[in-house]
Amino acid sequence: MTHATRIKPDALTDFATTVLRSHNVPEADAHLVADSLVQSDLWGHQSHGVLRLPWYVARLRTGVMTAVTEPEVVSDAGALQILDGRNGIGQVLTETARTIAVERARAYGIGMVGVRNSNHFGTAMYYTRRAALDGCASILTTNASPAMAPWGGKEKRLGTNPWSIGAPAPTAGGAVVVDIANTAVARGKIYLARNRGQSIPDTWAMDAEGRTTTDASAAIDGVILPMAGHKGYAITFMMDILSGALTGSRTGTAIKGPYVADQPSGAGHMFIAIDVASAGQTDQYLHAVQGLIDEVHSTPLAEGNDRIFYPGEVEDEAAARNLADGGVVLAEQTIEDLRKLSDETNTALPF
């Protein structure tokens, strides 16, 4: 297989689903996880795509992530519910939280669902986009295993703790959406650079000695820098409060990452949904969103730029382009990792 060979997304989704089914994940749950990974690849975010499938499989094999996800209701206050994920699959728990939050938002105007004892859930915008298609603006937060030092430090204490805000919009994808980590870059992008044998910008990370580095492997062993300096540190701290402390889950260094195969994650999430119809007239809302998009698009361009995008437009266009071109192109290391999974599970490769 050449580096530029494109893989059809449906075939890649079927492959990932079958691999997960071979580890006793129920069909619907396996397909959800697979779809979330492949959709991330289509959006151009391969750091959160099928690159992560071997990590999930390794955790299923050790039992620290359970194949059958059975959350338990811890508390229910109407608009707010807290679930114990009981070490279930992060994607399944987050989609469960999203569904309940949207239902509560339709009943109360706003719905909030917190999840404790969960796992990595993939790309946050996968869920906020779904909420947008259900007529809700939403906010999703999560904490993550240590990757960032507190501002001024050189040792990991806090995760990238990404978050996403999505809202309905009269756009091709039906949403405007932002999905960012609070570090200069998502940790998965450093793993992707390592898989591709590429160097990284010296603004992304420090090595274990607290020196900036362009070596992806040294960055993985070191510390990822916060975005916007002290501001990124402060935001990631507060996301740990919303995702961990408020849900009754773990925080800080107690969180374990998806690439740690033999320790429970303890990650926590918070999903907040706001029903647009309950807030006012939906038509007026969509008109206002379109007006904002038009204003942004019509802004005079700064030197060196040829276009302005609204949040989420880059991903919409990347997905459309990849689909039109016949699928996604994966990093060679990712292909090798999938080939190994194929051999281990006797699952036919889609390439």
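Criteria and cut-off values
- Residues numbered from 1 in each chain as written.
- Predicted model: local features only at pLDDT ≥ 70, side-chain atom pairs only at ≥ 80, totals over all residues.
- Heavy atoms only, no water.
- Helix = DSSP H or I, 4+ residues; strand = E, 2+ residues; numbered from the N terminus.
- Rg over C-alpha atoms; globule rule 2.2 N^0.38 Å.
- Buried < 20%, exposed > 50% of the residue type's maximum accessible area, 1.4 Å probe, protein only.
- Contact = heavy atoms within 4.5 Å.
- Lys, Arg positive; Asp, Glu negative; His and termini not counted.
- Charge placed at Lys NZ, Arg CZ, Asp CG, Glu CD.
- Pairing = 2+ DSSP bridges.
- Axes fitted to C-alpha atoms, helices over the stretch in contact; angles between N-to-C directions.
- Expected span 1.5 Å × (residues − 1).
- Phe/Tyr/Trp six-rings, centres within 6.5 Å; stacked < 30°, edge-to-face > 60°.
- Polar contact = N/O pair within 3.5 Å; in protein donor to acceptor, adjacent residues only side chain to side chain.
- Salt bridge = Lys/Arg side-chain N within 4 Å of Asp/Glu carboxyl O.
- Arc of directions from axis to C-beta.

A.B. asks: I tried to follow the overall build of the chain on my own but got confused; where do I start?
C.D. replies: Along the backbone of the chain there are 12 helices and 10 strands. Over its C-alpha atoms the chain spans a radius of gyration of 20 Å, differing by no more than 12% from the 20 Å that the globule rule assigns to 351 residues. Taken over the C-alpha atoms alone, the chain extends approximately 55 × 55 × 45 Å along its principal axes. Sorting the 351 residues of the chain into buried and exposed places 51% on the buried side. A sequence separation of at least 24 residues applies to 66% of the contacts in the chain between residues at least 6 apart. Side chains of the chain carry 28 positive and 38 negative charges; the gap between the two charge centres is 5 Å.

A.B. asks: Please clarify how the sheet that holds strand S10 (residues 267-275) should be interpreted in this entry.
C.D. replies: Pairing between the strands of a sheet is mediated by backbone hydrogen bonds and can be parallel or antiparallel. Taken in spatial order, the 7 strands line up as S1-S2-S3-S10-S4-S5-S6 in an open sheet, and their pairing is mixed. Only two strands of the sheet have a single partner each, and these edge strands are strand S1 (72-76) and strand S6 (175-180). Within the sheet, the average angular offset between the axes of one strand and its neighbour, ignoring direction, is 15°. Bridge analysis of strand S4 (residues 136-142) against strand S5 (residues 163-168) gives 4 bridges, and the strand direction is antiparallel. By the bridge assignment, Ser-138 is partnered in S5 with Gly-166.

A.B. asks: How do you make sense of the sheet that holds strand S7 (residues 205-206) when you look at a structure like this?
C.D. replies: Strand order in this open sheet of 3 strands is S8-S7-S9, and the pairing throughout is antiparallel. The sheet is open, and its two borders are formed by strand S8 (212-213) and strand S9 (223-224), each paired with just one other strand. By the bridge criterion, 2 bridges tie S7 to S9 in an arrangement that is antiparallel. The partner of Met-206 across the bridge, within S9, is Val-223.

A.B. asks: How should helix H2 (residues 27-42) be read in this particular structure?
C.D. replies: Each full turn of the α-helix corresponds to 3.6 residues, which orients residues three or four apart in the same direction. With 16 residues, H2 extends 22 Å from end C-alpha to end C-alpha; this agrees with the ideal 22 Å at 1.5 Å per step. Across the 16 residues of H2, 12 count as buried, placing the element largely inside the fold. Where H2 is buried, its residues meet helix H1 (9-21), helix H3 (53-62), helix H4 (90-108), helix H5 (125-133) and helix H11 (313-325).

A.B. asks: What should I look at first to understand the packing of aromatic side chains in this one?
C.D. replies: For any two aromatic rings, the description comes down to two numbers: the centre-to-centre distance and the angle of the planes. Scanning the entire structure with this criterion turns up 6 aromatic pairs. Considering the side-chain rings of Trp-55 and Tyr-191, the 5.0 Å spacing of their centres and the 70° angle between planes classify their relative orientation as edge-to-face. With Trp-55 in helix H3 and Tyr-191 in helix H6 (residues 187-196), this pair connects stretches of sequence that are 136 residues apart. Centre to centre, the rings of Trp-55 and Tyr-259 are 5.6 Å apart; their planes meet at 85°, and the pair counts as edge-to-face. Of this pair, Trp-55 sits in helix H3 while Tyr-259 sits in the loop between helix H8 (230-245) and S10, and the two are 204 residues apart along the sequence. Under the relative-accessibility criterion, Trp-55 is labelled buried at 16%. Residue classification places Tyr-259 among the partly exposed residues on the basis of a relative accessible area of 28%. Through a chain of ring-to-ring contacts, the aromatic side chains of Trp-55, Tyr-191 and Tyr-259 assemble into a single cluster.

A.B. asks: For this particular structure, what's the right way to read the side chain of Asn-119?
C.D. replies: With respect to the helices and strands, the residue Asn-119 is situated in the loop between strand S3 (110-118) and H5. Judged by its relative accessible area of 1%, Asn-119 falls in the buried class. At 3.3 Å, the side chain of Asn-119 and the backbone oxygen of Asn-87 are in polar contact. Within polar-contact distance, the side chain of Asn-119 engages the backbone oxygen of Gly-88 at 2.7 Å. Look past the residues within four positions of Asn-119 in its chain and what remains in contact with it is Arg-59, Met-65, Asn-87, Gly-88, Gly-90, Ser-265, Ala-267 and His-269.

A.B. asks: I keep staring at the pattern of salt bridges and nothing clicks. Help me out?
C.D. replies: Side-chain pairing between opposite charges can occur once the charged atoms of the two side chains come close. Evaluation of the coordinates by the stated rule reveals 13 salt bridges. In this structure, Glu-344 engages Arg-61 in a salt bridge whose closest nitrogen and oxygen atoms are separated by 3.0 Å. Pair noted here: Glu-344 is in helix H12 (residues 332-345) and Arg-61 is in helix H3, with a separation of 283 residues, a long-range link. Judged by relative accessible area, which is 40%, Glu-344 ranks as partly exposed. The class of Arg-61 is partly exposed, set by a relative accessible area of 44%. A cluster of three or more residues bridged by salt bridges with shared partners is formed by Glu-95, Arg-98, Arg-130 and Asp-134.

A.B. asks: Sorry, what's going on with H8 here?
C.D. replies: Helix length check: H8, at 16 residues, gives a terminal C-alpha distance of 21 Å against a target of 22 Å (1.5 Å per residue), a fit within 8%. Those residues of H8 that sit buried are Gly-232, Thr-236, Met-239, Asp-240, Ser-243 and Gly-244. Seen end-on, H8 carries its buried residues on one side only, within an arc spanning 110°. Against S3, S4, S5 and S10 lie the buried residues of H8.

A.B. asks: Looking at this model, I keep getting lost on the environment of Gln-290. Mind explaining?
C.D. replies: Looking at the element boundaries, Gln-290 is found in helix H10 (residues 282-297). Each C-alpha atom of the pair Gln-290 and Gly-85 lies 38 Å from the other, and the pair is 205 residues apart in sequence.

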